[in-house]
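Each chain, written out:
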Amino acid sequence: MMNKVFNFYPGPATLPQPVLETARTELLNYRDSGMSVMEMSHRSKPIENVIASAEANLKELLKIPEGYRVLFLQGGATSQFFMIPFNFLTKDQTANYVLTGSFAEKAYKEALKTGSAHTAASTKEEKFRSIPKLEDISVSDNAAYLHLTSNNTIYGTQWQQFPQLSIPVVADMSSDILSRPFDVSNFDLIYAGAQKNLGPAGVTVVIISEKLINISAQAKLPDMLKYSVHAEKDSMFNTPPTFPVYIVNLVLEWIKENGGLEKMAARNQEKADMVYQVIDQNPDFYQGHAISDRSLMNISFRLPNEDLEKEFVHSAEKVGLVGLKGHRSVGGIRASIYNAMPVEGCAALAAFMLAFRKTH
């Protein structure tokens, strides 16, 4: 049975229907074990196999080269905001950040609590309506790393090209990982909270180069905050979030079965085009927030006034289009159309937008 609604919430977000059906089938008795995945010891062979399979599937889909590790951690992407400077920012270095939205700013503020941080580029003055040009990124002397946020869920912008630098490049890819192919070797660390485009809340995926793993800026750093400890213990330094990792692995298998990242990218472009076309063809009624570098994952737009926006959200819910209220810092409407959003969902939203425009 299909979902009764199309879920446009930004996260936790919609999951692929086949993944939910498999999880339902296996919930009480995982592969004739007599137990649920949620009941199994993380030291048991089935859970070890789940974690190993998830790592292998992620490496295959992203074409992760040799010299990288995949970790499954807890604490959300927000914990990475401070783990990264804790591990890699020394007293004589400066952390560099490209500010393109709210989460990039939060990561920058966490780095300031640890040491010196520099704004390498920012689009804050234009209300984060675009991504800085590569030539406008100005890296400081003694840079420890450059941090960027690949997709901005609130403002609806997304990097189209990534910088290639001699210093480590770190990326928060929470909301667009696995949505398109990219070259992992351009990054030394990639992290992603699962709850937007990868799985349920509760697990954070970290892809880290081995050359970074053993760097620690603070010798007295607690073991729980050291990437080297988590890598040495194969993501089992403490009890990992086993059920979220299990769902992540099902999502990875679903992506493989549906053509990999190339097919995901084409499908995501098709979905986004449906909604952007309505916005572009009705500029007197729908105003997109992003002026360039428009996201294929999150589409933020306004209507002529707030009363209409409230009515839009309310009316959409009545026809099964839920989660469309925009973030408070931008207002308006936001449609999050991650990998798991079916094409039919975007088609239904586009048709609703046209009908709402006609009657208002």
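Quick caveat, the model's predicted, so the values are computed rather than measured.

Calculation criteria
Residues numbered from 1 in each chain as written. Predicted model: local features only at pLDDT ≥ 70, side-chain atom pairs only at ≥ 80, totals over all residues. Heavy atoms only, no water. Phe/Tyr/Trp six-rings, centres within 6.5 Å; stacked < 30°, edge-to-face > 60°. Helix = DSSP H or I, 4+ residues; strand = E, 2+ residues; numbered from the N terminus. Core = buried A, V, L, I, M, F, W, Y, C linked by side-chain atoms within 4.5 Å. Buried < 20%, exposed > 50% of the residue type's maximum accessible area, 1.4 Å probe, protein only. Contact = heavy atoms within 4.5 Å. Salt bridge = Lys/Arg side-chain N within 4 Å of Asp/Glu carboxyl O. Patch = residues over 30% accessible without salt bridge, like charges linked within 9 Å, V, L, I, M, F, W, Y side chains within 5 Å. Areas by Shrake-Rupley, 256 points an atom, 1.4 Å probe, with all protein chains shown as cover. Polar contact = N/O pair within 3.5 Å; in protein donor to acceptor, adjacent residues only side chain to side chain. Pairing = 2+ DSSP bridges. Axes fitted to C-alpha atoms, helices over the stretch in contact; angles between N-to-C directions.

Asks: Talk me through the packing of aromatic side chains; I want residue IDs and the actual numbers.
Replies: Under the definition given, this model contains 20 aromatic pairs. Seen in terms of ring centroids, Phe-243 and Tyr-246 are 5.5 Å apart; in terms of plane orientation they differ by 40°. Their pairing is tilted. Of this pair, Phe-243 and Tyr-246 both sit in helix α7 (residues 242-257), three residues apart, roughly one helical turn. Ring centres of Phe-285 and Phe-356 lie 6.2 Å apart, and the angle between their planes is 50°; this geometry places the pair in the tilted category.

Asks: Describe the nonpolar core, and please don't skip the residues or the numbers.
Replies: With 55 residues, the main nonpolar core has Leu-62, Ile-177, Leu-178 and Ile-207 as its most contacted residues. The leading source of residues in this core is α7, at nine residues. Look past the residues within four positions of Leu-62 in its chain and what remains in contact with it is Ile-177, Leu-178, Phe-182, Val-184, Ile-207 and Leu-261. Ala-272, Met-297, Ala-335 and Phe-356 belong to the second-largest nonpolar core, a separate cluster that totals 31 residues.

Asks: Account for the pattern of salt bridges, naming residues and giving values.
Replies: Here the structure, examined in full by the defined rule, presents 13 salt bridges. A salt bridge links Glu-262 to Lys-63; the nearest nitrogen and oxygen atoms lie 4.0 Å apart. With Glu-262 in helix α8 (residues 260-281) and Lys-63 in the loop between α2 (45-62) and β2 (68-73), this pair connects stretches of sequence that are 199 residues apart. Judged by relative accessible area, which is 63%, Lys-63 ranks as exposed. Between Arg-69 and Asp-234 there is a salt bridge, with its nearest N and O atoms 2.8 Å apart. Within this pair, whereas Arg-69 is found in strand β2, its partner Asp-234 is found in the loop between α6 (227-232) and α7, the two being separated by 165 residues in sequence. Taking relative accessible area as the criterion, Arg-69 reaches 18% and is therefore assigned buried.

Asks: Describe a nonpolar patch on the surface, and please don't skip the residues or the numbers.
Replies: On the surface, Leu-27, Leu-28 and Met-38 cluster together into a nonpolar patch covering about 330 Å² of accessible area. Looking at the secondary structure, you find Leu-27 in the loop between α1 (17-26) and α2. Look at Leu-27 and you get partly exposed, because its relative accessible area is 33%.

Asks: Tell me about helix α4 (residues 102-112), and please be specific about residues and values.
Replies: Those residues of α4 that sit buried are Ser-102, Ala-104, Glu-105, Ala-107, Tyr-108, Glu-110 and Ala-111. Its buried side turned inward, α4 meets α3 (76-88), β3 (94-99), β4 (116-122) and β5 (143-149).

Asks: Give a detailed account of the side chain of Ser-295, specifying residues and quantitative values.
Replies: Within the secondary structure layout, Ser-295 lies in the loop between β11 (287-288) and β12 (298-302). In this structure the side chain of Ser-295 is engaged in a polar contact, spanning 3.0 Å, whose partner is the backbone nitrogen of Asn-298. Here Ser-295 is in contact with Asn-151, Gly-156, Thr-157, Gln-158 and Tyr-276, once residues within four sequence places are set aside.

Asks: Outline the pairing of β2, supporting the account with residue identities and numerical values.
Replies: With respect to burial, β2 is a largely interior element, six of its six residues being buried. Neither face of β2 is left uncovered, since the one carrying Tyr-68, Val-70 and Phe-72 and the one carrying Arg-69, Leu-71 and Leu-73 both have all their residues buried. Bridging between β2 and strand β10 (residues 204-209) involves six bridges; their strand directions are antiparallel. Opposite Leu-73, over in β10, you have Thr-204 as the bridge partner.

Asks: Summarise the sheet that holds β11; cite the residues concerned and give the values.
Replies: The sheet built from three strands is open, its strands ordered β11-β12-β14 with antiparallel pairing. Of all the strands in the sheet, just β11 and β14 (333-336) have a single pairing partner and so form its edges. With two bridges joining them, β11 and β12 adopt antiparallel strand pairing. When the bridges of β12 are listed, Gln-287 appears paired with Arg-302. Together, β11 and β12 form the strand contacts of α8, whose direction differs from that of β12 by roughly 15°.

Asks: I'd like a rundown of unusual backbone geometry, residues and numbers included.
Replies: Peptide bonds are trans in most cases, and residues, glycine excluded, mostly fall at negative phi. Note that the residue after Gly-11, namely Pro-12, is joined by a cis bond; omega there is -5°. You can see Pro-12 is positioned in the loop between β1 (6-7) and α1. Residues other than glycine seldom take positive phi values, yet Lys-63 does so here, at roughly 55°. For Leu-178, which is not glycine, the phi dihedral falls at a positive 70°. As for its placement among the helices and strands, Leu-178 is situated in the loop between β8 (169-172) and β9 (189-193).

Asks: So what about the environment of His-327? Which residues, and what values?
Replies: Note on placement: His-327 falls in the loop between β13 (321-322) and β14. For the pair His-327 and Thr-153, spaced 174 residues apart in the sequence, the C-alpha separation amounts to 9.1 Å. Not counting residues up to four positions away in its chain, the partners in contact with His-327 are Ile-154 and Arg-334.

Asks: Any chance you could break down the side chain of Thr-204 for me, citing the residues and the numbers?
Replies: Tracing the chain through its elements places Thr-204 in strand β10. Looking at Thr-204, its side chain comes within polar contact range of the main-chain nitrogen of Gly-76, at 3.2 Å. Sequence-distant contacts of Thr-204, defined by excluding residues within four places in its chain, comprise Leu-71, Phe-72, Leu-73, Gly-75, Gly-76, Ala-77, Gln-80, Ala-192 and Gly-193.

Asks: Got a sec to walk through the environment of Ile-177? Specific residues and values, please.
Replies: With respect to the helices and strands, the residue Ile-177 is situated in the loop between β8 and β9. When the C-alpha atoms of Ile-177 and Val-205 are compared, they prove to be 10.0 Å apart, with 28 residues separating the residues in sequence. Aside from chain neighbours lying at most four places away, what touches Ile-177 is Leu-62, Ile-190, Ala-192, Asn-197, Leu-198, Ile-207 and Asn-339.

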